[in-house]
Structures are given as C-alpha cells and as structure tokens.
Amino acid sequence: MSTVTGAGPAAAPGGAVRAVELAIGGMTCASCAARVEKKLSKLEGVTATVNFATGTARVSFPAALPATELISVVEQAGYTAALPPPPDGVLARGAGEADGAGEAAALRQRLLVSLALAIPVVALAMIPSLQFRNWQWASLALASPVAVWGAWPFHRAALINARHGAATMDTLVSVGVTAAYLWSVYALFFGDAGQAGAHMSAAWLASGSGTEAIYLDVAAGVTALILLGRFLEARAKRRAGAALRALLSLGAQDAAVLRDGREARVPVSQLAVGEEFVVRPGEKIATDGVVVQGNSAVDTSMLTGEPVPAEVGPGDGVTGGCVNAGGRLVVRATAVGAATQLAQMTRLVTEAQAGKAPVQRLADRISAVFVPAVIAVAAGTLIAWLAAGQGAGAAFTAAVAVLIVACPCAMGLATPTALLVGTGRGAQLGIVIKGPEVLESTRAVDTIVLDKTGTVTTGRMSLADVAAAPGVDPGELLRLAAAVEDASEHPVGAAIVAGAASRLRDAPGGGTLPAVESFASAQGLGVRGVAGGHAVVLGRRDWLESQGALPVPADLAARAAGAEAAGQTVVFAAWDGAVRGVLVVADTIRPTSAQAVRRLGAMGLRPVLLTGDNEAAARSVAAAVGISEVIAGVLPAGKVEAIRRLQQAGRVVAMAGDGVNDAAALAQADLGLAMGTGTDAAIEASDLTLVRGDLLAVPDAIALSRRTLTTIKGNLFWAFGYNTAAIPLAALGFLNPLIAAAAMAFSSVFVVTNSLRLRRIRPAAPERG
C-alpha cells in the first residue's frame, strides 16, 4: 500500500492539528473500514475517515499525539498501518503499485488452484450421471484443500476479528464454508452419506432431510466464487485508479540544469527554485517555471485535456510534466517538488478519493451493524426451519445461503470506487475535485456566476480594431504606432505592438518597425516619439489636442465613440500635427465562452456576469456570449455581497473566477470553481479547480461531478436492493448456497464495473466557427 502526506498543520482549539493519510492493510470489506474508523475516532481529538476502496485512512489528530499511536490502535484492531513518506515523496503513490500487483498475483494463484479443484466437486454434486461409486470420497479429497487452504484468508481474518470481538464479511464466508465442510465430514463418517453407491441430485433450492446430504460443493464452490469475485474486484479497482497512476507518471525523472554555463543532467529532486534548465524538443518539462530563452509549442493535453499546443516564449509560464513539442527552451524553475502544479493536483485528487461523500455515511452506518445482524438472521433461519420440521439438511442449507449471500462489500464499494474513477478521470481532463462533498453541491446549483476578466475573457488586452483617416495607409498607421508603443511598458501599448506584429507579418517589409528617438511618456495620458521621420503622438483624445493635433475627423470620432460605448479602450494616433487614426484595444472574449454559456443554460443553470468593470463593457461582453443578467462595477467586497444577495433570494450559487479579488466570493458561493490559470488565492478558496483556461471546463466539471454523484447513488441503490431482496429469498429457501455465492460476487463486481463507466466521459469539443 502506498501513502501520501495530507494537509499541513492547522490551528485548532486546544493546539495544532496534523493530518496524515495512512495506508491500511488487511481490510476485506466495508465493515472492516467502519471498524478501523471507529477505533481511530475513539482517540481524543482524532477524526478519521477510512476508505475501503483505496485502502487508506485520512486522520486528523493533535500535534501532541505521536503518529505511532495511530498505527498501534489500527494494529490492535487486527489490521496493519503505515506512515506517510517524507514530503519529497509526494508523488510516491505509485511506489505501492508493486505491492498491489504482488497481492493480486497471490490472489490469482489461490483462485486458479481453487477453481481447478472446485469445478469437478460441483459437477459431481450437480450431475448425478457423473457420480461413480464412492464419488463422495473423491469429492472430499478435492474439496478439502479448497475449504482449508483456498479459504484460509477468510478463516484467518475471521479468527483475528473474533479475537477483537468483531465480525466482518470474512466471518460470514468463513462460518458458511466451515459449516458446510464440517457437516459434510460428519455426514460422510458418521451419517449415511458415506455409503458406497450413495447418490445426490441437483438442488437449486434449500433441501435435504438429514445426514444423507453433503455440502462439499458448497464449501468448495463458494470459496472459489468468492475468490473470483475478490480477484475481479481487485482488478477493477486497479483499473479505477489508472487515471491517477497516469497522472503520477507524467513527471519528468531528470533535468538538464545549466550550471557554470554547462549542462548537467540531474534528478528532478535535486532541482532548486531559481535554477535554469534546458528542455529540448520532445522532452518533458522537468518542473514549473518561466521561459527565459527560446520559443516553442508546448503540449499541455496531459494536464488540461486541451489538444492544441500552447505557444510559449520568454516570460511565459510552463508546467512540469508537459511536453515540449517545438524548439529548444531554457526555463527558470519557479516551483519544485510538492509545490508544483502536478504535485498539488495529485494531492488534491488523492485527498478527494480518500474522503467520503455525505451519501456514503448511511452505507457506513448500515455496514457497521450488518454482519452481526446477518449472523442473527442465519441463526433464526436455522431454528425456524428446524421448528417447522423441514429437516436438518434443508435448515442448514437455508442458513448457509443467508450467510453467503449477505455480503456488505457492494455497499462499501459503492461510493469510493465511483469517487476513485470520477476524480481520476477529472484529473485527466484538467478538473480537480477537492472533496467528495463537492458532488452534493453540484446537484443543487441553479445559478452560475461568471467573473468577466480572465474567465469569460482571456484577461489579456489585444488589438481589436484599427481605423485610419482618409488617405492614410493602415499599415503605416500600425507601423508608426507600434514603433513608439514598443518603448512603452503599458499593457495597452503591449497589445498594440503584439497586434501590429500579427497584422503586419505578411505585409511588405514584414513586422520590422522603424527606430524611435526622443521617446517620452505622460503617465495615464499617452506617449510620444520620433519614428520614420515623423513626430508621433498616441494617447487620449484630449491630450492629443493639447499637443497641437487637429480636431478628430467625424468618421474616426464615430468609430471611437462606438468602441468606448462598448467599454473598449481607444487610442488616438497623430503625427505631423494631424490625427491619422484610431486604435481600439479590448480584453478578448475566449473563443468558447458563448458555447460554454449555452451548455450551462442547457444544464438548467442561470448564468450571471459579475465584474468590477464598467456597465458598458460588461453589457458588451455579456451580449456577445449570451448572458442577460449582469452585475457590474463592484469591488471585491461587493462581489461577496452580490453572491450573498443571490443566495438570500433562494438561489443555490456556483461561481467561476480566477483572481485574488474573486477569492472571497468563491468561498461565499455554494460551489466555487477556480480557473487554473488564475491566482493561488482563488484556487485555494474554490471547491473545483479547472486547470484548463477554457470556460468549457466549467460545464464539463459540473457534468462530471453530477455524473459521479449519479453513479454513487445508482451503486448504493443496487447494493441496498440486492441485500434487501437476497436475504429474505435465502432465508425462505429459494437460494442454494452456490447460487447465493455467485450472486454475492456479481453484486460487488457490478458496482465496480458501473463506476468504471465514468472513464468514458469526454470533454465537450469546441464548436467550429
């Protein structure tokens, strides 16, 4: 079993609290998990959540309490526990895969041997024509290794639990198999079943009147079937965790670090923040960093699900684990080890998988008392059949069927397997679900509040429009404006330069800009300089007029007024004393925002645009993406109040945002979704983190969460329904123990297989415009 570190120290009444994730060994069913959880939670100040599917326990405990005490309590309960690895082993979760594979191999070997011996025993019992003289003694020879060695894991667990005064699913299996085997031995040696020439007929219902009946087929067949169910369950659970294992495998193993002007290839664990490393085409980026040299396309699909590579250059951030698909890059490390985005995603996913959704609590409470109740029902069944004069054989058959069919595993697996698959698939799609309780929130949400800048829009200024005065070449306008703005550090100027480079790329002379002399900047007003032999002035209209520029032509004034009414930024350009054109700069709407808003509406969510920007700009963006409700001009505190007002109006509110100013509102919302391209504060305050910067990730995340919750409820319905129907049938004699064992195994495998369907979820593809 593998372990990962949990949350760090946190303040709490009475002192600091630590949290760890322990690997728990020896659990075989949901009642085992409930028992470990109960034992740990009895310690003062300790809160534990034990997950049967992942074999882990998330434990919060006082800092003054030694972690070894937790292990001791688990061991006293009859199980094993292991402490987490050191902090630099945050991605070591895959280290336990070898152990899991070894356990699966041992289970497979036990299963194959048991099946080989049990099949002829069952065939002899069920097909009278195969029953040769003294066949029953051959059955005893074949069934004995199965009932003793094959079922030993169940017997051993039952004995350990008995020593601790507990009963689990293993107790049911062990008691059923042992009873069937010992009854058969008694009937063979001391009853009528051992006589030469004795025959048995196939019995699908409870039958038999005395010591002429043997149940070796039950002892061997039930053992083999339950081992088969355990093996299929283990293999399915490994498949369920495949998404997380794939996520863990994304990280690079080493890096080409630049030290003293030379490259030195070192393990990633030795890479330090601030060091520069080389990433060649086709290589994985070793850790999170900023490009300092080179241009390339980076394939981020492994982390974000986005199929289109992202173009990066000097100053752009890159994420560890992504593949450099283009040119050579030199990157400066900004985060290493547990601080990287990949490590943080892994931590959040594993924490979510180790948790429990509120809907699981009912199943846990039932599982905790289920086994003793089943044993009582089985005993009552035996007494009732004997009292009714139906014969010891029939009474025994019905009682054993009750023990065998009443497996609580399906209930224990219902929630954690769906969480395991759902959160793992989400991680592959760039959706990190922080906790299982988030799933409940997505079901009730009816309003989605979208922050404008950085969520609906890219959050980056771009050149939206260029209008030249009559007789002025638009290319010349762009070239001179960009030349002067290139000397400026203002975001508006940077947008003009980038836009000019893109638009002039195919023009005569390309994007080459003339040299600039006498550059000067007037804070908040504009810039000026001499370029291409012209005295160029760019900035606000009133400032240009104060610099001696002639009045703005009517057509340019109209274009500028329209842009300003839409909330866009207008830059006037003049040279040689005349206004030559208008450049419009605006925040760019994400290409998929309108499609995302339509999908949210189709899901029954009412979209609201929330922004600190002015009303005109907000209305323009809202109209472009199809949002009718707008809340504009609000400060960060006003965003919180806006969310609160919606909640007071009876709405259940989700919010998507990316900035520091969104953090408080994300925390106030019933469901917070942070765009992964945003700030750490926003991500920390959210319930769901969307690594993809695409707004389509919002409906994808809500759809995934709702599908996962639906799967959990479907699993629980099946598990409860199965036991509700099967136990009375078995008690009334309508189930042979062999049929009961097959049904029990199928129920667990069905629940896990149903959860695996979540792996088929695909993100919405952007519409082609």
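Residues numbered from 1 in each chain as written. Predicted model: local features only at pLDDT ≥ 70, side-chain atom pairs only at ≥ 80, totals over all residues. Heavy atoms only, no water.

### Side note on the overall build of the protein chain
We apply this condition: Helical segments are the DSSP runs of H or I of at least four residues, strand segments are the runs of E of at least two, and each set is numbered from the N terminus. Throughout this description, buried means an accessible area under 20% of the type-specific maximum (1.4 Å probe, protein chains only), exposed means over 50%, and partly exposed covers the range between. Where accessible areas are quoted, they stem from the Shrake-Rupley method and a 1.4 Å probe; at the residue level, only the protein chains shown are allowed to cover.
Each helix and strand counted, the protein chain has 26 helices and 26 strands in total. Looking at the protein chain residue by residue over its 769 residues, the buried ones come to 53%. When the accessible surface of the protein chain is split by element, carbon and sulfur atoms take 58% of a total near 31300 Å².

### Remarks on the environment of Gly313
Mapped onto the elements of the fold, Gly313 is located in the loop between strand 10 (310–312) and strand 11 (317–318). Counting along the chain gives 22 residues from Gly313 to Val291, while the straight-line C-alpha distance between them is 6.1 Å.

### Side note on the nonpolar core
Soluble globular proteins tend to bury their nonpolar side chains together. For clarity, the cut-off: Working definition of a nonpolar core: buried Ala, Val, Leu, Ile, Met, Phe, Trp, Tyr and Cys residues. They are joined through side-chain atoms within 4.5 Å.
The biggest cluster of nonpolar side chains holds 47 residues, and the ones touching the most others in it are Leu450, Leu673 and Val698. Ranked by residues supplied to this core, first place goes to helix 25 (residues 697–731) with 8 residues.

### Re the confidence of the model for the protein chain
Atom-level detail of predicted coordinates should not be read off regions where pLDDT is low. Under the convention used in this document: Residue-level confidence of the predictor, termed pLDDT, takes values from 0 up to 100. By definition, residues are in contact when any of their heavy atoms lie within 4.5 Å.
Averaged over the protein chain, the pLDDT score is 78; the fraction of residues at 70 or greater is 79%. Averaged pLDDT values for the elements of the protein chain fall to 54 in helix 8 (residues 242–248) and rise to 94 in helix 4 (residues 135–150). Across residues 1–14 the pLDDT falls below 50, and counting only partners more than four positions away or on other chains, this stretch makes 40 contacts in the model. Low pLDDT, under 50, characterises residues 86–99; the stretch is placed with 23 contacts to residues that sit more than four places away or in other chains.

### Points about the sheet that holds strand 12 (residues 323–324)
We apply this condition: Should DSSP find at least two bridges between two strands, the strands are taken to pair.
Strand order in this open sheet of 3 strands is 10-9-12, and the pairing throughout is antiparallel. Each edge of the sheet is formed by a strand with only one pairing partner; in this case those strands are strand 10 and strand 12. In this structure, strand 9 (residues 296–299) lies alongside strand 10, joined through 3 bridges in antiparallel fashion. What sits directly across from Ser296, in strand 10, is Val312.

### Digging into the pattern of salt bridges
The cut-off we apply is this: The salt bridge criterion pairs a side-chain nitrogen of Lys or Arg with a carboxyl oxygen of Asp or Glu, the two atoms within 4 Å.
Under the criterion given, the structure shown has 15 salt bridges. Between Arg265 and Asp254 there is a salt bridge, and its shortest N-O distance comes to 3.0 Å. Placement of the pair is Arg265 in strand 6 (residues 262–267) and Asp254 in strand 5 (residues 254–259), with a sequence separation of 11 residues. Here Arg540 makes a salt bridge to Asp542, at a shortest N to O gap of 3.3 Å.

### Topic: the side chain of Ser144
Selection criterion: Between N or O atoms, a polar contact is any pair within 3.5 Å; within protein, one atom must be a potential hydrogen donor and the other a potential acceptor, and residues adjacent in sequence are included only when both atoms are from side chains.
As for its placement among the helices and strands, Ser144 is situated in helix 4. With relative accessibility at 18%, the residue Ser144 sits in the buried group. A distance of 2.7 Å separates a polar side-chain atom of Ser144 from the backbone oxygen of Leu140. In contact with Ser144, not counting residues within four places along its chain, are Trp149 and Tyr181.

### Things to note about unusual backbone geometry
Residue Asn134 is not a glycine yet carries a positive backbone phi of 65 degrees. By the element assignment, Asn134 lies in the loop between helix 3 (97–126) and helix 4. For Ser518, which is not glycine, the phi dihedral falls at a positive 55 degrees. Looking at the secondary structure, you find Ser518 in strand 17 (residues 516–522).

### Looking at the packing of helix 16 (residues 474–485) against helix 17 (residues 491–503)
As a reminder of what qualifies: The angle between two axes is taken between their N-to-C directions and runs from 0 to 180 degrees, where each axis is a line fitted to C-alpha atoms and a helix contributes only its stretch in contact. Orientation categories follow fixed angle ranges, with anything under 35 degrees roughly parallel, anything over 145 roughly antiparallel, 65 to 115 roughly perpendicular, and all other angles oblique. Take the far helix as your reference; a near helix turned counterclockwise from it by less than a right angle gives a left-handed crossing, and one turned clockwise gives a right-handed crossing. Note that Gly is not counted as nonpolar here; it falls among the polar residues with everything else outside the nonpolar set of Ala, Val, Leu, Ile, Met, Phe, Trp, Tyr, Cys and Pro and the charged set of Asp, Glu, Lys and Arg.
Taken N-terminus to C-terminus, the directions of helix 16 and helix 17 make an angle of 140 degrees; their axes are 9 Å apart at the nearest point. One element, helix 16, and the other, helix 17, form an angle in the oblique class. Between helix 16 and helix 17 lies a crossing whose hand is left-handed. Between helix 16, through Leu478, Ala482 and Glu485, and helix 17, the contact on the second element is made entirely by Gly493, Ile496, Val497, Ala500 and Arg503. Within the contact of helix 16 with helix 17, the residues separate by chemical class into 5 nonpolar, 1 polar and 2 charged.

### Looking at the sheet that holds strand 8 (residues 289–293)
Strands belonging to one sheet form pairs held by backbone hydrogen bonds; the direction of such a pair is parallel or antiparallel. Strand order in this open sheet of 6 strands is 6-5-7-13-8-11, and the pairing throughout is antiparallel. Of all the strands in the sheet, the pair left with one neighbour each is strand 6 and strand 11. Pairing of strand 8 with strand 11, which is carried by 2 bridges, proceeds in the antiparallel orientation. Looking at strand 11, one finds that Gly289 is bridged to Val318.

### Topic: the pairing of strand 3 (residues 56–62)
Counted residue by residue, strand 3 has 5 buried out of 7 residues, so it is predominantly covered. Where strand 1 (residues 17–25) and strand 3 come together, 7 bridges link them in antiparallel fashion. Within strand 3, the position partnered with Val17 by the bridge is Pro62.

### Digging into the pairing of strand 25 (residues 671–675)
Most of strand 25 is tucked away: 5 of the 5 residues are buried. The two faces of strand 25 match: Leu671, Leu673 and Met675 on one face and Gly672 and Ala674 on the other face are all buried. Pairing of strand 24 (residues 653–657) with strand 25, which is carried by 4 bridges, proceeds in the parallel orientation. Note on strand 25: the bridge partner recorded for Met655 is Gly672. Sheet topology note: the strand 25/strand 26 (residues 688–690) ladder contains 3 bridges and is parallel. Counted as the bridge partner of Leu673 is Leu688 from strand 26.

### Details of the packing of aromatic side chains
Stated formally: Geometry of aromatic contacts follows a simple scheme: Phe, Tyr and Trp rings, the Trp one being its six-membered ring, pair when their centres are within 6.5 Å, and the pair is stacked under 30 degrees between planes, edge-to-face over 60, tilted otherwise. By the criterion adopted, a ring carries a charge over it if an Arg CZ or a Lys NZ lies within 6 Å of its centre and within 35 degrees of its normal.
Throughout the structure, instances matching the rule amount to 3 aromatic pairs. Pairing Trp137 with Phe189 gives two aromatic rings, centres 5.2 Å apart and planes at 80 degrees, and the pair type is edge-to-face. Placement of the pair is Trp137 in helix 4 and Phe189 in helix 6 (residues 169–190), with a sequence separation of 52 residues. Here the aromatic rings of Trp718 and Phe750 are separated by 4.6 Å at their centres, their planes lie at 40 degrees, and the arrangement is tilted. Highlighted residues: Trp718 in helix 25 and Phe750 in helix 26 (residues 737–756), separated in sequence by 32 residues. Trp718 gets classed as partly exposed once you look at its relative accessible area, which sits at 29%. For Phe750, a relative accessible area of 31% translates into the label partly exposed. It is Arg110 that lies over the ring of Trp149; its NZ or CZ is 4.7 Å from the centre.

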